[in-house]
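What the coordinates show
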Amino acid sequence: MKKSIKGNTMKLGVELKTVHFRKVPFTIFHHRYRNEESGETVTNDECDEIDEIQLLNQYRERFGIPFPEEIQKIRNMYGVSAAKMSEILGFGANSYRKYEAGEMPSVANGRLILAVKHPKNFIEQVEACSGFISKKEKMDLIEVAKKIEKERKKHQFENFRYNLIYGNPETNEFTGYSKPCKNKIAAIIGYFGESTNLFKTKLNKLLFYADFGHYQKYGKSITGLKYSAIDYGPVPDGYDEIYGNLVKEGKIYKKYTESADGFYGEKFFGLESLSSDLFKPEEIETLTKVIQNFKDKSSKEMVSLSHDEEAWIENEKGKEIISYQRYAFKLQHFKNNAD
């Protein structure tokens, strides 16, 4: 990507750099524009933002601090305001609201928030702050927590199966710091199926480029899927189980048909497409770019392109799970930060 800055043509590049957050060192891919003639380097707001996202992602992962979306989800689960949640957990009046907006909690506060994801722990916190809330409010909150626990036990098998299919997903460098969402994956398949001949091999590669390309620009994946390096390139880990489950639940469908390469295979279709209810504007933009780049490529061509990627080259021998943080910024055939 090239950009004119102060009248000079500058080229975007990345380089490994050690930076510190709260006195802890982390390695990130530092983004900067370089003047190829003078060697001068500069950054802009976009460069600084993706550098900061990498840093904070790694800090949250290392110290077990939930991400803003999960912090909000935990509070919404109990139906309380941010101010009330701060009160229950013993934080400052506006702390929980700030954490939901992206401010980094202390390690202790972050782990406490994560702990009350479990109703039993939430009840303990409610019990401990009896002097700050009324008896009725206390009983109401405990009743809500007990109902949540009951529902979880009711859906225990479904949750077990979900974890079995998606590998007990955690938000880390191998999920792109996102959690899998079946509805989003199904909608993406629907969009891809409307836009190109979507055979399974090509679908696997399109998802890889969408997720790693999105991480390249925004520091998060779209689907939360893990990817492994196999003979035919990067693929969602356990993709047969993932697609099979979506077919079984009626979220997508497939049929066997002949491909442009003269082979018969599974061609996928979706029942829904992209919507603002499920996707952020930047996610839709990334998915659109992926189709613009690859819609006319055959499955065979997609495999060949993916074999040029370091994500595959360095992990194929051991069929390893691929790190978004380590490889997204090294993509050869999809630059999401390009004009």
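Residues numbered from 1 in each chain as written. Predicted model: local features only at pLDDT ≥ 70, side-chain atom pairs only at ≥ 80, totals over all residues. Heavy atoms only, no water.

1. Focus: the side chain of Arg60
Going by this rule: Comment: elements are numbered from the N terminus, with helices defined as DSSP H or I runs of at least four residues and strands as E runs of at least two. Buried, partly exposed and exposed residues are distinguished by accessible area as a fraction of the type maximum, computed with a 1.4 Å probe on protein chains only: under 20%, between the cut-offs, and over 50%, respectively. His is not counted, nor are the chain ends; Lys and Arg add positive charge and Asp and Glu add negative charge. A pairing counts as a salt bridge when a side-chain nitrogen of Lys or Arg comes within 4 Å of a carboxyl oxygen of Asp or Glu. The definition of a polar contact used here is a pair of N or O atoms within 3.5 Å, where within protein one atom must be able to donate a hydrogen and the other to accept one, and adjacent residues in sequence count solely through side-chain atom pairs. The contact criterion used throughout is that any non-hydrogen atoms of two residues lie within 4.5 Å.
As for its placement among the helices and strands, Arg60 is situated in helix α1 (residues 45-63). Although Arg60 is buried, it makes no salt bridge; Glu69 carries the closest opposite charge, 7.3 Å away. Side-chain polar atoms of Arg60 contact the backbone oxygen of Pro66, separated by 2.5 Å. Sequence-distant contacts of Arg60, defined by excluding residues within four places in its chain, comprise Ile65, Pro66, Phe67, Pro68, Ile71, Gly102, Glu103, Met104 and Pro105.

2. Structural notes on the packing of aromatic side chains
Our working definition: Any two rings among Phe, Tyr and Trp, with Trp reduced to its six-membered ring, count as a pair given centres within 6.5 Å; such a pair is stacked if its planes are under 30 degrees apart, edge-to-face if over 60, and tilted if neither.
Here the structure, examined in full by the defined rule, presents 22 aromatic pairs. Ring geometry for Phe208 versus Tyr209: centroids 5.1 Å apart, planes at 70°, classification edge-to-face. Judged by its relative accessible area of 0%, Tyr209 falls in the buried class. Centre to centre, the rings of Tyr227 and Tyr324 are 6.3 Å apart; their planes meet at 75°, and the pair counts as edge-to-face. Of this pair, Tyr227 sits in strand β5 (residues 227-230) while Tyr324 sits in helix α15 (residues 324-327), and the two are 97 residues apart along the sequence. On the basis of relative accessible area, Tyr324 is assigned to the buried category, the value being 0%.

3. Section: the packing of helix α10 (residues 200-218) against helix α13 (residues 299-306)
Between two packed helices, both the angle of their axes relative to each other and the distance between the axes serve to describe the pair. Selection criterion: A fitted line through C-alpha atoms represents every axis, and for helices the fit uses only the stretch in contact; the resulting angles, taken between N-to-C directions, go from 0 to 180 degrees. What sets the label is the angle itself: under 35 degrees gives roughly parallel, over 145 gives roughly antiparallel, 65 to 115 gives roughly perpendicular, and the rest give oblique. Helix crossings get a hand from a simple test, with the near helix turned counterclockwise from the far one by less than a right angle marking a left-handed crossing and a clockwise turn marking a right-handed one. Three categories are distinguished: nonpolar for Ala, Val, Leu, Ile, Met, Phe, Trp, Tyr, Cys and Pro, charged for Asp, Glu, Lys and Arg, and polar for the others, with Gly belonging to the last.
In the contact formed by α10 and α13, the axes pass within 8 Å of each other and the chain directions differ by 40°. Considering their axes alone, α10 and α13 lie oblique with respect to each other. Note that α10 runs across α13; the crossing there is left-handed. Facing Thr201, Lys202, Lys205, Leu206 and Tyr209 of α10, the residues of α13 in contact are Ser299, Met302, Val303, Leu305 and Ser306. A per-class count over the contact of α10 with α13 returns five nonpolar, three polar and two charged.

4. Focus on the environment of Gly193
Secondary-structure assignment places Gly193 in helix α9 (residues 182-195). Counting along the chain gives 97 residues from Gly193 to Tyr96, while the straight-line C-alpha distance between them is 41 Å. With near-sequence residues (within four places) excluded, Gly193 lies in contact with Leu198 and Phe268.

5. Some words on the pattern of salt bridges
All chains considered together, the criterion is met by 19 salt bridges. Of the charged contacts in the structure, one is a salt bridge between Glu69 and Lys220, with a shortest N-O distance of 3.0 Å. With Glu69 in helix α2 (residues 68-78) and Lys220 in the loop between α10 and β5, the pair connects residues that are 151 residues apart, well separated along the chain. Exposure remark for Lys220: the relative accessible area of 22% places this residue in the partly exposed category.

6. Let's talk about helix α3 (residues 82-89)
Here α3 lies mainly inside the structure; six of its eight residues are buried. Those residues of α3 that fall on the buried side of the exposure criterion are Ala82, Lys84, Met85, Ser86, Ile88 and Leu89. Buried residues along α3 sit against α2, α4 (95-100), α5 (107-115), α6 (119-128) and α7 (135-154). Note on α3: the residue one or two positions beyond its end, Gly90, has a positive phi of about 80°.

7. Details of α1
Side chains of residues three or four places apart in an α-helix project in the same direction, reflecting 3.6 residues per turn. The test is simple: What a helix is expected to span follows from its residue count: subtract one and scale by 1.5 Å.
End to end, α1 covers 27 Å across 19 residues, agreeing with the expected 27 Å (1.5 Å per residue, within 8%). If you check which residues of α1 are buried, you get Cys47, Ile50, Asp51, Gln54, Leu55, Leu56, Asn57, Gln58, Tyr59 and Arg60. The N-terminus of α1 is capped by Asn44, whose side-chain oxygen sits 3.2 Å from the backbone nitrogen of Glu46. Positive backbone phi, approximately 65°, marks Gly64, located one or two places after α1.

8. Quick word on the pairing of strand β8 (residues 264-270)
Our working rule: By the convention used here, strands pair only if DSSP detects at least 2 bridges between them.
Counted residue by residue, β8 has five buried out of seven residues, so it is predominantly covered. Pairing geometry for strand β7 (residues 252-258) and β8, over seven bridges, is antiparallel. Bridge pairing in β8 links Glu258 to Tyr264.

9. A few points about a nonpolar patch on the surface
Basically, it comes down to this: Grouping into patches uses exposed residues only, defined as over 30% relative accessible area, and leaves out salt-bridged ones; the cut-off is 9 Å for like charges and 5 Å for nonpolar side chains (Val, Leu, Ile, Met, Phe, Trp, Tyr). Note on areas: Shrake-Rupley, 1.4 Å probe, and residue coverage restricted to the protein chains presented here.
There is a patch of nonpolar side chains on the surface, built from Phe157, Phe160 and Leu164 and spanning about 390 Å² of accessible area. Its place among the elements puts Phe157 in helix α8 (residues 156-166).

10. Some points on the nonpolar core
Under the convention used in this document: What we call a nonpolar core is a set of buried Ala, Val, Leu, Ile, Met, Phe, Trp, Tyr and Cys residues that are connected through their side-chain atoms within 4.5 Å.
Core analysis: the largest hydrophobic core is formed by 47 residues, its most contacted members being Ile189, Phe192 and Phe212. At eight residues, α10 tops the list of elements feeding residues into this core. Beyond its immediate chain neighbours, meaning those up to four positions away, Ile189 contacts Leu198, Leu203, Tyr243, Leu246, Ile252, Phe268, Phe269 and Gly270. Core analysis: the next-biggest nonpolar cluster, separate from the first, contains 22 residues, Phe91, Ile123, Ile133 and Ala145 among them.

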